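The primary structure of each chain is shown beneath.
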Amino acid sequence: KYDDEIIGIAYAVNDNLSLSWNRYSSTQRGAGDEVEQETDAVNLGYTIGGMTIGLQDAQTDDAGYVKDAKDDTRTLSVAVAF
């Protein structure tokens, strides 16, 4: 029993560089209290030929639907197409 809402905005700076911001809100409904988990993420992607390099920085409040739990992540990805 979850109620989810996802919004985001993306901007292509040029053919190679893109930026985006996303917010994911999820409310867990159960027998007890309702807990809302909320994540904000900023993404940066850069494409060079067949290779894409991506960076993401995300912060989550009430992580795992645990009140006052925080989770911060940073992700680097490299994808290559042949």
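Residues numbered from 1 in each chain as written. Predicted model: local features only at pLDDT ≥ 70, side-chain atom pairs only at ≥ 80, totals over all residues. Heavy atoms only, no water.

Trainee: Please clarify how the side chain of Thr60 should be interpreted in this entry.
Mentor: Here Thr60 is to be found in strand 4 (residues 51-61). At 2.9 Å, the side chain of Thr60 forms a polar contact with the side chain of Thr39. For Thr60, the contacting residues outside a window of four places in its chain are Gln37, Glu38, Thr39, Ala69, Lys70, Asp71 and Asp72. (Helix = DSSP H or I, 4+ residues; strand = E, 2+ residues; numbered from the N terminus. Polar contact = N/O pair within 3.5 Å; in protein donor to acceptor, adjacent residues only side chain to side chain. Contact = heavy atoms within 4.5 Å.)

Trainee: What should I look at first to understand the environment of Asp40 in this one?
Mentor: Its place among the elements puts Asp40 in strand 3 (residues 35-48). Those residues within four positions of Asp40 in sequence are excluded, and the remaining contacts are Trp21, Asn22, Arg23, Asp57, Ala58 and Gln59. Within the structure, the side chain of Asp40 is placed 2.7 Å from the side chain of Arg23, a separation counted as a polar contact.

Trainee: So what exactly am I meant to see when it comes to a nonpolar patch on the surface here?
Mentor: Side chains of Tyr11, Val13, Leu19, Leu44, Tyr46, Ile48, Ile53, Leu55, Leu76, Val78, Val80 and Phe82 sit close together on the surface and give an oily, nonpolar patch of about 1,200 Å² of accessible area. Secondary structure elements with two or more residues in the nonpolar patch: strand 3, strand 4 and strand 5 (70-80). Among the structural elements, Leu76 can be located in strand 5. We classify Leu76 as exposed; its relative accessible area is 59%. (Patch = residues over 30% accessible without salt bridge, like charges linked within 9 Å, V, L, I, M, F, W, Y side chains within 5 Å. Areas by Shrake-Rupley, 256 points an atom, 1.4 Å probe, with all protein chains shown as cover. Salt bridge = Lys/Arg side-chain N within 4 Å of Asp/Glu carboxyl O. Buried < 20%, exposed > 50% of the residue type's maximum accessible area, 1.4 Å probe, protein only.)

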